[in-house]
Amino acid sequence: MKLTRVWLPFESWEETKFNMWGEVLDRRLYLQRAICFTGNHRLYGRYMKRVTDEWHNSCLNALTDYNLNRRAWIGHAACALALRCPEDITRHAWSFLSNEQQLLANKQADRAIQSWEMRYRQSARIQSTVETPLLFGRNT
């Protein structure tokens, strides 16, 4: 079951504080760093998990949007968190990875997204369980 889409104002997205949509002076240096980082699926995956733990607003906004390439977003976000690397450089770095590296990175992205979805669904159930008696209590 798909999650209900949540929109949050751009200013509340944590990714903006980590240069995900910014610029860098030495693009070649950042590209080399991004290639090394994204090519290490274990390290990359740890940062994807950190994104889901630390960037509440960005994840809520991005991961409830099924029109977005959520794998790509979580990868771009991980690279921004780890390196303060803009997403366009991360996209470019992806093209330098082998098919196997891309497959392993996508598996890490899927794990991080599924973990976030599970936690989000659990928190939504807890909220609805708590709010339902309160709503009924108001009507009596």
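Fair warning: this is a prediction, and the values are worked out from it, not measured in the lab.

(A) Structural context of unusual backbone geometry. Not every positive phi belongs to a glycine, and Asn 19 is a case in point at roughly 65 degrees. If you trace the backbone, Asn 19 turns up in the segment before α1 (27–39). The backbone of Arg 84 sits at a positive phi, close to 60 degrees, despite the residue not being glycine. Of note, Arg 84 is situated in the loop between α4 (70–83) and α5 (87–94). Of the residues examined, Arg 84 reaches a relative accessible area of 41% and is grouped as partly exposed.

(B) Up close: the packing of aromatic side chains. Applying the stated rule across the entire model yields five aromatic pairs. Consider the rings of Phe 18 and Trp 55, whose centres lie 5.2 Å apart with planes at 40 degrees: the pair is tilted. Of this pair, Phe 18 sits in the segment before α1 while Trp 55 is found in the loop between α2 (41–54) and α3 (56–63), placing the two residues 37 residues apart along the sequence. Since its relative accessible area comes to 2%, Trp 55 is described here as buried. For Arg 33, the ring lying beneath its charged end belongs to Tyr 30, and the centroid distance is 5.5 Å.

Thresholds applied
Residues numbered from 1 in each chain as written. Predicted model: local features only at pLDDT ≥ 70, side-chain atom pairs only at ≥ 80, totals over all residues. Heavy atoms only, no water. Helix = DSSP H or I, 4+ residues; strand = E, 2+ residues; numbered from the N terminus. Buried < 20%, exposed > 50% of the residue type's maximum accessible area, 1.4 Å probe, protein only. Phe/Tyr/Trp six-rings, centres within 6.5 Å; stacked < 30°, edge-to-face > 60°. Lys NZ or Arg CZ within 6 Å of the ring centre and 35° of its normal.

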